[in-house]
Amino acid sequence: MKKLLLSALAMTALLSCNKDDDNVNNQDVNYSKLPQEFPFSKMATINGVDVINGGFGSGAAAHPSRKGEFYVITDRGPNTDYLNGKKFLTPNFTPTIMHFKINAEGNVEVIKYIKLKNPSGQPITGLPNPVGMGSTGEVAYDATGTVLGTDNYGLDSESIVAAPDGTFWVSDEYGPHIVHYSAEGVEMERISPIGVNTGTRKLPAVLAKRRANRGMEGLCMTPDGRTLVGTIQSMMLVPTKALATNTTLTRIVTFDIATGQTKQYLYKQDGGASDSVCDITALGNNEFLVIERDGNFGTQGGVKKVYRINLSNASDVNGTDIAAVDGMKVNGKALEQCSWDELTNAGIKPVTKKLAVDLVAKLGYEHDKFEGIVYLGNNKLAVFNDDDFGVVDDGSGNPKAKILPKTGKVDTGTMYVVDIQ
């Protein structure tokens, strides 16, 4: 595995020399017809409500060498809140990557769909992991309320990296895991917090204290091909739900692909624990764009912003022992227990951030789940949304159509391109 990773790293480094040049000039890609919806079909009808075969936009990545081609990924599948878990409306749904391009006419053209598979090549589901394999404590039910099982290789996929060697890295909200998939979507390696029995290379143990459905929301690769950079969606419950008080603190984790070494950095959200730091895309080896959003529709006061951040002067808060379940401490307390003033006095610096674009102000952006971004070069950003398969919870654990308040249409995955500062 080490030899394979080093070979992939060498190829990445070689190809990344031309990456900026490949992406800076987008004049030969016709984006003039955007925004444009992704194609979809009906997957199921439950209680008279259509569930669409969509969901593409939880995360996004550019093809590493072909301009105008992209990959977008679904999450675990259509679901609603129910009792102490989720109703999985189509329990056999497999998290899927869609490879598409903007063709010469400027239209979205699907190239292929890639279903994620376990190491034996069998399609996985989005069902929760069992205890010891990344469980969040959520119980899975079907649409009738019958308890379902778990999936050792199940994934609540949220972001995707398309590597130059043709493989994919995918982050999720269960473990949280970072999973390496082949070009055909077969699992090659699963990297998880200490104590999760899925591999020898680990993420810091403290990341297992992510909140359910608030795990690793974003993932990208640095242009030099050496490092994966992941964002935790919002405040973690460190050391416990009752004691975690800094609701604007969340974490960024980096993973050296060759050595497996990790670092962590603090990110200060504008909003509180209910808001989200979503996808991340690289501008350089230390500079990135990240999403901050709330849960409202853009046309109903929703916050949908992209910030330019830099890790260069931020403090590494990984600590000396990545097996420590509460991570690094300050004054005997977990970081989530400390105020920003207390952290500053201890010499800890968060990543710097500066607003790059406000999508609501810029575009009148109407979607709620703004979750995918890809930097195109030349200060242009591709933007994607998670349409939740066209359904939302009706408040009783049953689906109802997800309607955009501005247009009255069912929400569908849509690609935009916007200029950033």
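To be clear, the structure that these remarks concern was listed above.
Here goes a summary of the coordinates provided. (Residues numbered from 1 in each chain as written. Predicted model: local features only at pLDDT ≥ 70, side-chain atom pairs only at ≥ 80, totals over all residues. Heavy atoms only, no water.)

### What to know about the nonpolar core
Grouped together as the largest cluster of nonpolar side chains are 19 residues, with contacts concentrated most on W169, I178 and L228. It is strand β16 (residues 216-221) that provides the largest number of residues to this core, a total of three residues. Setting aside residues no more than four positions away along its own chain, L228 makes contact with V161, W169, I178, L219, C220, M221, V253, T254, F255 and I257. Counting 17 residues, the second-largest nonpolar core is a separate cluster that includes Y31, F38, F100 and M415. (Core = buried A, V, L, I, M, F, W, Y, C linked by side-chain atoms within 4.5 Å. Buried < 20%, exposed > 50% of the residue type's maximum accessible area, 1.4 Å probe, protein only. Helix = DSSP H or I, 4+ residues; strand = E, 2+ residues; numbered from the N terminus. Contact = heavy atoms within 4.5 Å.)

### A few points about the sheet that holds strand β21 (residues 287-293)
Here four strands make up an open sheet; going across it, the order is β20-β21-β22-β25 and the pairing antiparallel. Every other strand in the sheet has two partners, leaving β20 (276-282) and β25 (352-358) as the edge strands with one partner each. Across the sheet, the mean angle from the axis of one strand to that of its neighbour is 30 degrees, orientation sign disregarded. Sheet topology note: the β21/strand β22 (residues 304-310) ladder contains seven bridges and is antiparallel. By the bridge assignment, E292 is partnered in β22 with K305. (Pairing = 2+ DSSP bridges. Axes fitted to C-alpha atoms, helices over the stretch in contact; angles between N-to-C directions.)

### Points about the environment of N318
Structurally, N318 can be placed in the loop between β22 and β23 (329-330). We classify N318 as buried; its relative accessible area is 6%. Sequence separation between N318 and K263 is 55 residues, and the spatial gap between their C-alpha atoms is 5.2 Å. In contact with N318, other than residues within four places in its own chain, are P204, T262, K263 and Q264.

### Concerning unusual backbone geometry
Following L34, the chain continues to P35 via a peptide bond in cis, the omega torsion being 5 degrees. Note that P35 resides in the loop between α2 (19-24) and β1 (36-37). Residues V238 and P239 are joined by a peptide bond in cis, for which omega reads 0 degrees. Looking at where P239 falls in the secondary structure, it is placed in the loop between β17 (227-232) and β18 (249-256).

### Section: the sheet that holds strand β7 (residues 85-88)
A sheet is described by the order of its strands in space; here three strands give the open sequence β6-β7-β10, paired in mixed fashion. In this open sheet, the two strands that pair with only one neighbour each are β6 (79-82) and β10 (139-141). Recorded for the sheet is a direction-independent mean angle of 35 degrees between the axes of neighbouring strands. Bridge analysis of β7 against β10 gives three bridges, and the strand direction is parallel. Across the sheet, G85 pairs through a bridge with V139, a residue of β10.

### Regarding the state of the cysteines
For the coordinates displayed, the defined rule picks out zero disulfides. Free of any disulfide, C278 has its nearest cysteine sulfur in C220, 14 Å distant. (Disulfide = S-S within 2.5 Å.)

### Comments concerning the pairing of β6
Inspection of the sheet shows β6 paired to β7 by four bridges, in the antiparallel sense. Bridging across to β7, T80 finds its partner in K87. What sits between the antiparallel neighbours β6 and β7 is a turn of two residues, in which L83 has the positive phi angle 50 degrees.

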